[in-house]
Amino acid sequence: MTAPLGFAVIDKPAGLTSHACVARIRRLLGIRRVGHGGTLDPAVTGVLPIAVGQATRLLPYLPGEKTYRGVIQLGITTNTDDLEGEISSRQPLPALSSTELEQALAPFRGLIQQRPPQVSAVHVDGERAHARARRGEQMDLPERAITIHHLHLLNWCPEQGQLRVEVHCSAGTYIRSLARDLGQNLGCGGCLASLRRTQALGFQDAQAIPLPERPESGATATDPPALPLLPPQDALAHLPQRRLSAREQEDWSCGRRITPGANQESDAVVVLSEEGRMLGLGVPDGTGGLQPKVVFEARG
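Read on for an overview of the structure. (Residues numbered from 1 in each chain as written. Predicted model: local features only at pLDDT ≥ 70, side-chain atom pairs only at ≥ 80, totals over all residues. Heavy atoms only, no water.)

## Points about the overall build of the protein
And step 1. Of regular secondary structure, the protein possesses five helices and 18 strands.
And step 2. Here the protein holds 300 residues, and the buried ones make up 47% of them.
And step 3. Sequence-distant contacts in the protein: of pairs separated by 6 or more residues, those separated by 24 or more amount to 68%.
And step 4. With the model as given, the accessible surface of the protein reaches about 15200 Å², and the carbon-plus-sulfur share is 49%. (Helix = DSSP H or I, 4+ residues; strand = E, 2+ residues; numbered from the N terminus. Buried < 20%, exposed > 50% of the residue type's maximum accessible area, 1.4 Å probe, protein only. Contact = heavy atoms within 4.5 Å. Areas by Shrake-Rupley, 256 points an atom, 1.4 Å probe, with all protein chains shown as cover.)

## Considerations on the pairing of strand S1 (residues 6-12)
And step 1. Most of S1 is tucked away: six of the seven residues are buried.
And step 2. Direction of pairing for S1 relative to strand S14 (residues 209-210): parallel, over a ladder of two bridges. Paired with Ile-10 across the bridge in S14 is Ile-209. (Pairing = 2+ DSSP bridges.)

## Description of unusual backbone geometry
And step 1. The peptide bond linking Thr-259 to Pro-260 adopts the cis configuration, its omega dihedral lying at 0 degrees.
And step 2. Relative to the elements of secondary structure, Pro-260 occurs in the loop between helix H5 (246-253) and strand S16 (269-272).
And step 3. The phi angle at Leu-201 is positive, at roughly 55 degrees, despite the residue not being glycine.
And step 4. Note that Leu-201 resides in the loop between strand S12 (190-200) and strand S13 (203-204).
And step 5. Looking at Leu-201, the relative accessible area reads 8%, which means it is buried.
And step 6. Residue Glu-297 is not a glycine yet carries a positive backbone phi of 60 degrees.

## Quick look at the side chain of Ser-18
And step 1. With respect to the secondary-structure elements, Ser-18 resides in helix H1 (residues 18-29).
And step 2. The exposure class of Ser-18 is buried, given its relative accessible area of 2%.
And step 3. Contacts of Ser-18, omitting those with residues within four sequence positions, involve Lys-12, His-36, Gly-38, Thr-39, Leu-40 and Leu-48.

## A look at H1
And step 1. Here H1 spans 17 Å end to end across 12 residues, near enough to the 16 Å set by a 1.5 Å rise per residue.
And step 2. Here H1 lies mainly inside the structure; nine of its 12 residues are buried.
And step 3. Every buried residue of H1 is listed here: Ser-18, Cys-21, Val-22, Ala-23, Arg-24, Ile-25, Arg-26, Leu-28 and Leu-29.
And step 4. Where the residues of H1 are buried, they touch S1, strand S2 (34-36) and strand S3 (45-52).
And step 5. Of the residues one or two after H1, Gly-30 is the one with positive phi, at around 70 degrees. (Expected span 1.5 Å × (residues − 1).)

## Observations regarding the packing of aromatic side chains
And step 1. Taken as a whole and assessed by the stated rule, the structure comprises one aromatic pair.
And step 2. Centroid distance Phe-7 to Phe-203: 5.5 Å. Interplanar angle 45 degrees. Geometry classified as tilted. Here Phe-7, found in strand S1, pairs with Phe-203, found in strand S13; they are 196 residues apart in sequence, far enough to count as distant.
And step 3. According to the relative accessible area criterion, Phe-7 is buried, its value standing at 0%. (Phe/Tyr/Trp six-rings, centres within 6.5 Å; stacked < 30°, edge-to-face > 60°.)

## So, the pattern of salt bridges
And step 1. Applying the stated criterion across every chain yields a total of 13 salt bridges.
And step 2. Here Arg-256 makes a salt bridge to Asp-251, at a shortest N to O gap of 2.8 Å.
And step 3. For Arg-256, a relative accessible area of 43% translates into the label partly exposed.
And step 4. What you see here is one network of salt bridges that share partners, running through Asp-11, Arg-196 and Asp-205. (Salt bridge = Lys/Arg side-chain N within 4 Å of Asp/Glu carboxyl O.)

## Here's the deal with the nonpolar core
And step 1. Ile-25, Ile-50, Ile-72, Ile-148, Leu-151, Leu-163 and Val-167 are the most contacted members of the largest nonpolar core, which has 40 residues in total.
And step 2. Contacts of Leu-163, omitting those with residues within four sequence positions, involve Gly-70, Val-71, Ile-72, Leu-74, Leu-101, Leu-105, Leu-153, Asn-155, Trp-156 and Leu-182.
And step 3. Grouped together as the second largest cluster of nonpolar side chains are 21 residues, Leu-236, Leu-281, Val-294 and Phe-296 included. (Core = buried A, V, L, I, M, F, W, Y, C linked by side-chain atoms within 4.5 Å.)

## Describing helix H2 (residues 98-105)
And step 1. By the burial criterion, the buried members of H2 are Leu-101, Ala-104 and Leu-105. The arc enclosing the buried residues of H2, seen along the axis, measures out at 100 degrees, which places them on a common side. Relative to its buried face, H2 has exposed residues pointing more than 90 degrees away, namely Thr-99 and Gln-103.
And step 2. Structurally, H2 contributes buried residues whose contacts are with strand S10 (144-157), strand S11 (162-169) and helix H4 (175-186). (Arc of directions from axis to C-beta.)

In short, the description is geometric, and any link to function would need to be established separately.
Written as structure tokens, this is what we have:
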């Protein structure tokens, strides 16, 4: 009960991988059980949810949709589909009005097929695509279904060939691929100039805090620096809740079925103590009961 448990919402700076952020939090708190919700490329900034302690077991139950704000550069293609890569081609900028650009964006809204970038975390024969791409390999990555729920044109600068967009999308969407495919459809090429994630797994930009400084050399974990953690149930507001009595809590901690279950139909139910402390997740068993799925403070 004294181990850290909850979520930190980090505003990831440019230049660091998501894994490097996790490693810093591990050193800061002196624990190994730390994970992140959704990889961000090193150049990308913004919301990076960090699960601490047993909250890592909740990551699969968080809403997967994400929101980004970014700048797409037309007229340039690169080997990474963003301006971090080597330029492959330069072409004249198209003369587009905002109305014409909106029409060009329309095919990218809704359920679409998208091909991941060559430099991506997709597995190819057991190896990440980015590792193969950096060795000079060219892969035929298959398209996959993704959903772009909202794609808003925020600004269009025809002189620079840059459009600023906001994208709300399903998990697995690559904004770099969106930039590449838009440029291809317009016949001039395109790539991603900059990107910031403003929402991920239900956590918002306004909740994000700067990544804590690197722990000093020689520091111990006996008195770790404070890191604000949100209660785990705050990340699961989309799920129904069930509060347990003291007797039910005893059964729950031993992995026993709870009855009656929650009134609402759901794939998972947040289980709380009488005082509102999260005790884990249960799944409806189809007969009016609640079967333990994730149990904090387990006994026996």
